[in-house]
Amino acid sequence: MEYELRAEYAGQAPPGSSEARVALWHMTGVGETLTLCRRRLDPAAWTQPSSAWGTDAADPFCPDCGVKYLRMNVG
Ligand SMILES: [Zn+2]
C-alpha cells in the first residue's frame, strides 16, 4: 500500500482558502481520507508524498500516525 500525508486544518477555514492553516499532518493511504489514527479528513485537504514524512514540510506531524506508520514499515 502507498501512503501520503494529509493535512488537518486549524480553525474554520476551508481547505484551499488562503486562510487555511495546517494544524497537524496525518498519514493516510493514497487517495483516502481515513488516517492511520482513525480520523476522517477533508477530501480537499492538502496532501504531500509520504517521502515528506520526517522532514520540516511535515511538521507538526501526528504522533499516533507516526508510530503506526513506523510499525508498518518495520513489520
Ligand atoms: Zn494521525
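Here the structure is a predicted model, which is why all the values come from computation and not from measurement.

S.K.: Break down the coordination of the zinc ion for me, with residues and values.
M.R.: Note on the zinc ion: its protein donors are His26 (ND1), Cys37 (SG), Cys62 (SG) and Cys65 (SG). The metal-donor distances range over 2.0 to 2.4 Å. With four donor atoms in place around the zinc ion and angles of 100 to 120° between them, the coordination shape is tetrahedral. All donors to the zinc ion come from one chain, and their sequence spacing reads H-x10-C-x24-C-x2-C. Placement of the pair is His26 in strand β2 (residues 22-29) and Cys62 in the loop between β3 (47-49) and α1 (63-74), with a sequence separation of 36 residues. Looking at His26, the relative accessible area reads 0%, which means it is buried. Overall, the relative accessible area of 2% leaves Cys62 in the buried class.

S.K.: Please provide a residue-by-residue account of the side chain of Thr28, values included.
M.R.: For Thr28, the position within the fold is in strand β2. Engagement of the side chain of Thr28 in a polar contact is seen with the backbone oxygen of Glu32, the distance being 3.3 Å.

S.K.: I'd like to hear about the environment of Ala45, residue by residue, with values.
M.R.: Inspection of the secondary structure puts Ala45 in the loop between β2 and β3. The sequence separation of Ala45 and Tyr9 amounts to 36 residues, and the corresponding C-alpha distance is 8.1 Å. Beyond its immediate chain neighbours, meaning those up to four positions away, Ala45 contacts Arg6, Ala7, Tyr9 and Pro15.

Rules and cut-offs
Residues numbered from 1 in each chain as written. Predicted model: local features only at pLDDT ≥ 70, side-chain atom pairs only at ≥ 80, totals over all residues. Heavy atoms only, no water. Donors = N, O, S within 2.8 Å, 3.2 Å for Na, K, Ca; no water. Tetrahedral: all angles 85-135°; square planar, octahedral: opposite > 155°, others 65-115°. Helix = DSSP H or I, 4+ residues; strand = E, 2+ residues; numbered from the N terminus. Buried < 20%, exposed > 50% of the residue type's maximum accessible area, 1.4 Å probe, protein only. Polar contact = N/O pair within 3.5 Å; in protein donor to acceptor, adjacent residues only side chain to side chain. Contact = heavy atoms within 4.5 Å.

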